[in-house]
Amino acid sequence: MESTGIDTLTGLLDRQGCLRTATRLTANARRSHQPLIALWLNIDRFRTINGSLGISGGDAVIAKLASRMQSRLQHRAHLARMGSDDFLLLASGFAAGEATLLAAEVMALIKQPMKIGSIVLHPTCSMGLASLEYAEPAEIFLQRTEHAMFEAKRQGGDQMVVLGDEQLPEWLGINLAREELEVEHKLHAALENNGLYLQFQPILRFDGQVESVEALMRCTINGELIPPNIFIPVAEKTGLIVRLGEWCLMKAAMQAKHLSEAGINTKIAVNVSRAQLTAPKFSKALYNALVCSGVAPELIELEITESLFMDVSDQVQNHLRDAIEMGVSLSIDDFGTGYSCLATLKDIPATKLKIDRAFVAPLPEDQRGFALVKAITQLGRELGMTVVAEGVENPAQLEKLREAGVDAIQGFLHSRPMNEDQLLDWLLRQKKMNWAADTFAKIG
Ligand code: C2E
Ligand code: MG
Ligand code: MG
């Protein structure tokens, strides 16, 4: 009997249907000189799953995985079930880099936990990826892809093998891409489930006065804390940083307003990435944050890396000018780690310069490092900026920085980043200590 070409359990193409589709696509690809890729995936430990859940449980797993792939990929790929727990994807027009991204996306999709009855499964798969070679018949193309999957299985499963030595460097990048996709997924989840929050770290002058407080974004999803050096770059790459940044500006402005209502007029510094300043709506988002919170603009500062000040694009320049016109101040973050030319420092409209932690860490031993900190500090002060040292962890570093003439310091020595409610207590305590020290000095 001629097959209908459709698998009854999943509604995907069956082996026959897949072969017919593959034959048509390979012919098209040859005619139009378009790339064609195939991705063969097999579920790891499926025999154990079948053994413990029974055949109907196993079928439920297959059907669920198929529907996941279908709902996410049906417009980009042809999907087939090649046998028990074997799936195949065929996609036209994908360049090599895009193909590995697609493969990473499928891998992440399979890995999402799945509830079958009372059991939560964490499926993984072995995957083979191949590109159509010129004049290759469809059957051979699919066979090669299946062999790549076998190789992934042989290497322990839960991984992908890309056929062809020439693609090996990309294979090295796959883990990263896969992780990035996972992080992106978590960021979306965090945005929807209140998983984002701010922590605050004070910046103190040597006399104990609070210079400002830096707002640092945190992301927690299902109890797992994802550090900013992992999620910020992914948010920047995907454009999500624009939404995160708007949220951060609003939250920080409201926090500054809240503090000022409690009698503490402390400036809050917000980190701003390049991707935010190149987006058209930045000035509007800043304006909205100021207006909605009702905070005085001089209580908000934007931390920007030096290279951004040098950005000659109109968009960035206009946004920086708008911020200054609104009354918000600018600060140069991580100074000394970029590639900017010192001569242009004089043109930067910032009022604060933050010396990167890399210069502080080797103190007090590093004499040449100390000379550099001294020179940067002098330069910053001559240009009328407040100079802050980042990452101060011990009293010996503090003493060296005082000797170098730095105005204020930030670091674990004084305080780790803390939550909103802890911040108010901390600031009130600091205010009391400063008052006591002042009074003592006057009496003494
Ligand atoms: P940053 O702006 O230079 O922030 C200072 C970082 O140094 C923070 O790391 C802080 O926790 C850490 N730090 C402070 N004192 C010490 C110390 O004494 N020792 C050490 N080892 N570290 C210290 P965090 O919070 O992990 O943030 C890392 C970076 O992520 C930030 O560096 C900033 O570039 C970025 N970031 C954080 N929040 C945001 C945000 O809201 N928006 C954007 N665009 N970037 C952000
Ligand atoms: Mg910063
Ligand atoms: Mg910094």
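Residues numbered from 1 in each chain as written. Chains lettered and ligands numbered in written order. Predicted model: local features only at pLDDT ≥ 70, side-chain atom pairs only at ≥ 80, totals over all residues. Heavy atoms only, no water.

1. Some points on the layout of surface pockets
Which entries qualify depends on this criterion: The definitions used throughout rest on a 1 Å grid laid over the protein atoms alone, on which a cavity is an enclosed set of points accommodating a 1.4 Å probe that cannot get out and a pocket is an open set flanked by protein within 12 Å on both sides along at least five of seven lines; lining residues are those having an atom within 4 Å of a point. Grid points are joined across faces, edges and corners, and a volume is the space filled by probe spheres set on the points. Secondary structure elements are defined from DSSP: runs of H or I of at least 4 residues count as helices, runs of E of at least 2 residues count as strands, and each element is numbered from the N terminus. Each residue gets one label: Ala, Val, Leu, Ile, Met, Phe, Trp, Tyr, Cys and Pro are nonpolar, Asp, Glu, Lys and Arg are charged, and the others, such as Gly, are polar. All the domain ranges listed were derived from an automatic or database domain assignment.
Of the volumes computed, that of the largest pocket is approximately 1100 Å³. For the largest pocket, the lining is made up of 38 residues, of which Glu214, Leu216, Asn271, Asp333 and Asp334 are closest to its centre. The set of elements that each furnish at least two residues to the lining of the largest pocket consists of strand E9 (210–221), helix H6 (228–238), helix H7 (240–261), strand E11 (268–271), helix H8 (274–277), strand E12 (300–305), helix H10 (306–309) and strand E13 (329–335). When grouped by side-chain class, the residues that make up the lining of the largest pocket number 16 nonpolar, 11 polar and 11 charged. In this structure, the second largest pocket encloses a volume near 500 Å³. What lines the second largest pocket is a set of 16 residues, among which Ala108, Gln112, Glu182, His185 and Lys186 lie closest to the centre. Taken domain by domain, the makeup of the lining of the second largest pocket includes at least three residues from each of domain 1 (15–168) and domain 2 (177–350 + 414–443).

2. Considerations on the packing of aromatic side chains
Here is the rule we go by: The aromatic pairing rule takes the rings of Phe, Tyr and Trp, using the six-membered ring of Trp, and pairs them if the centres are within 6.5 Å, calling planes under 30 degrees apart stacked, those over 60 edge-to-face and the rest tilted. Whether a charge sits over a ring depends on NZ of Lys or CZ of Arg being within 6 Å of the ring centre and within 35 degrees of the ring normal.
Applying the stated criterion to the full structure yields zero aromatic pairs. In this structure, lysine 400 is placed above the aromatic ring of phenylalanine 370, and the distance from its NZ or CZ to the ring centre is 4.2 Å. Sitting over the face of the ring of phenylalanine 412, arginine 416 holds its NZ or CZ atom 3.8 Å from the ring centroid.

3. Topic: the site of ligand 1
Definition in use: For this description, a residue counts as near a given molecule or strand if any of its non-hydrogen atoms is within 4 Å of it. Here a polar contact means two N or O atoms within 3.5 Å. Within protein one must be a hydrogen donor candidate and the other an acceptor candidate, and residues neighboring in sequence count only if both atoms are side-chain atoms. All accessibility values rest on the Shrake-Rupley procedure with a 1.4 Å probe; residue burial counts only the protein chains present in the view. For a molecule to be placed in a cavity or pocket, more than half of its atoms must lie within 2 Å of the grid points of that cavity or pocket.
Neighbouring residues of ligand 1: 22 residues in total, closest Asn271, Ser273, Asp333, Glu393 and Phe412. In this structure, methionine 217 approaches ligand 1 through a main-chain N or O atom, which is 3.0 Å from a nitrogen atom. One of the side-chain nitrogen or oxygen atoms of aspartate 333 is found 2.9 Å away from an oxygen atom of ligand 1. For ligand 1, whose unbound accessible area comes to 790 Å², protein coverage reaches 82%. With respect to the pocket detection grid, ligand 1 is positioned in the largest pocket. Among the elements of the structure, E9, H6 and E13 are those that each provide at least two residues to the shell around ligand 1. Counted by class, the shell around ligand 1 contains eight nonpolar, six polar and eight charged residues.

4. Thoughts on a nonpolar patch on the surface
Put simply, the rule reads: Patch definition: residues above 30% relative accessible area lacking any salt bridge, with like charges linked at up to 9 Å and the nonpolar side chains Val, Leu, Ile, Met, Phe, Trp and Tyr linked at up to 5 Å. Salt bridge, as applied in this entry: a Lys or Arg side-chain nitrogen positioned within 4 Å of an Asp or Glu carboxyl oxygen. Type-normalised accessible area, obtained with a 1.4 Å probe on protein chains alone, sets the label of each residue: buried when under 20%, exposed when over 50%, and partly exposed for intermediate values.
Where nonpolar side chains cluster on the molecular surface, the patch consists of Leu342, Leu379 and Leu383 and spans about 250 Å² of accessible area. If you trace the backbone, leucine 383 turns up in the loop between helix H13 (367–382) and strand E15 (386–389). Leucine 383 gets classed as partly exposed once you look at its relative accessible area, which sits at 37%.

5. Some thoughts on the domain arrangement of the chain
Quick note on the threshold: When checking whether two residues touch, look at their non-hydrogen atoms; a contact exists if any pair is within 4.5 Å. Here the buried area means the combined drop in accessible surface, using a 1.4 Å probe, for two parts upon being joined, counting both sides.
Split into domains, the chain comes out as domain 1 (15–168) and domain 2 (177–350 + 414–443). On a C-alpha basis, the centroid separation for the pair domain 1 and domain 2 is 43 Å. Of the residues lining the interface, eight residues belong to domain 1; the matching set on domain 2 comes to five residues. In total, about 500 Å² of surface goes out of reach between domain 1 and domain 2, with carbon and sulfur atoms giving 69% of it. On inspection of domain 1 and its partner domain 2, the count reaches zero salt bridges.

6. Re the confidence of the model for the chain
We count it as follows: Every residue is assigned a pLDDT by the predictor, reflecting its confidence on a scale from 0 to 100.
Looking at the chain, the pLDDT average stands at 89 and 95% of residues meet or exceed 70. Predicted confidence for residues 165–176 stays below pLDDT 50, and this span has 11 contacts to residues more than four positions away or in other chains.

7. Quick look at the environment of cysteine 125
Structurally, the position occupied by cysteine 125 is in strand E6 (residues 125–131). Sequence separation between cysteine 125 and isoleucine 355 is 230 residues; the distance between their C-alpha atoms is 47 Å. Leaving out residues up to four positions away in the same chain, cysteine 125 has contacts with Leu41, Asn42, Ile43, Asp44, Met107, Ile110, Gly157, Asp158 and Gln159.

8. A look at H7
Where we set the bar: Each residue after the first adds 1.5 Å to the expected span of a helix.
Compared with an ideal rise of 1.5 Å per residue, which puts 22 residues at 32 Å, H7 spans 32 Å between its outermost C-alpha atoms and is within 8% of the ideal. Downstream of H7 by one or two residues, glycine 263 has phi in the positive range, about 90 degrees.

9. Here's the deal with the coordination of the magnesium ion (ligand 3)
The textbook angles at a metal center are 109.5 degrees for a tetrahedron of four donors and 90 or 180 degrees for an octahedron of six. The condition is simple: With water excluded from the atoms, a metal site may look incomplete; its donors are any N, O or S atoms within 2.8 Å, or within 3.2 Å for Na, K and Ca.
Every protein donor of the magnesium ion (ligand 3) is listed here as Asp333 (OD), Asp334 (OD), Glu390 (OE) and Glu390 (OE), and their distances to the metal cover 2.0 to 2.7 Å. Each donor residue of the magnesium ion (ligand 3) belongs to the same chain, with the gaps between them written as D-D-x55-E. A spacing of 3.7 Å is found between the magnesium ion (ligand 3) and the magnesium ion (ligand 2), which share aspartate 333 as a donor. In this pair, aspartate 334 sits in strand E13 while glutamate 390 sits in the loop between E15 and helix H14 (395–404), placing the two residues 56 residues apart along the sequence. A relative accessible area of 24% places aspartate 334 in the partly exposed class.

10. A look at the pairing of strand E7 (residues 159–162)
To keep things clear, this is the line we draw: In this scheme, strands are said to pair when DSSP sees at least two bridges between them. Seen with the strands pointing away from the viewer, any crossover whose path from the first strand over the helix to the second strand runs clockwise is right-handed.
Burial of E7 is two-sided: the residues Gln159 and Val161 facing one way and the residues Met160 and Val162 facing the other way are all buried. As defined by bridge partners, E6 adjoins E7 across four bridges and the pair is classed as parallel. Within E7, the residue paired with methionine 127 across the bridge is methionine 160. Following the backbone out of E6, through helix H4 (residues 138–154) and into the adjacent parallel E7, one traces a crossover that is left-handed.

11. Quick look at the packing of H6 against H7
In helix packing, the relevant descriptors are the interaxial angle and the interaxial distance, both defined with respect to the helix axes. Rule in force here: Lines are fitted to the C-alpha atoms to define the axes, a helix being fitted only along its stretch in contact, and any angle between axes, read from their N-to-C directions, falls within 0 to 180 degrees.
Two numbers describe how H6 lies on H7: the axes approach to 5 Å, and their chain directions differ by 120 degrees. Facing Phe231, Ile232, Ala235, Glu236 and Thr238 of H6, the residues of H7 in contact are Leu240, Ile241 and Leu244. Looking at side-chain class alone, the contact of H6 with H7 contains six nonpolar, one polar and one charged residues.

12. Some points on the pattern of salt bridges
All chains considered together, the criterion is met by 20 salt bridges. In this structure, the salt-bridge partner of arginine 381 is aspartate 407, at a minimum N-O distance of 3.5 Å. Of this pair, arginine 381 sits in helix H13 while aspartate 407 is found in the loop between H14 and strand E16 (408–409), placing the two residues 26 residues apart along the sequence. Given the relative accessible area of 45%, arginine 381 is considered partly exposed. A relative accessible area of 12% means that aspartate 407 is categorised as buried. Of the charged contacts, one joins arginine 402 and glutamate 399 as a salt bridge, the two residues approaching to 3.2 Å between their closest N and O atoms. With arginine 402 and glutamate 399 both in helix H14 and three residues apart, this pair spans about one turn of that helix. A relative accessible area of 42% places arginine 402 in the partly exposed class. Members of the salt-bridge network, linked through shared partners, are Arg205, Glu211, Lys267, Glu301 and Lys352.

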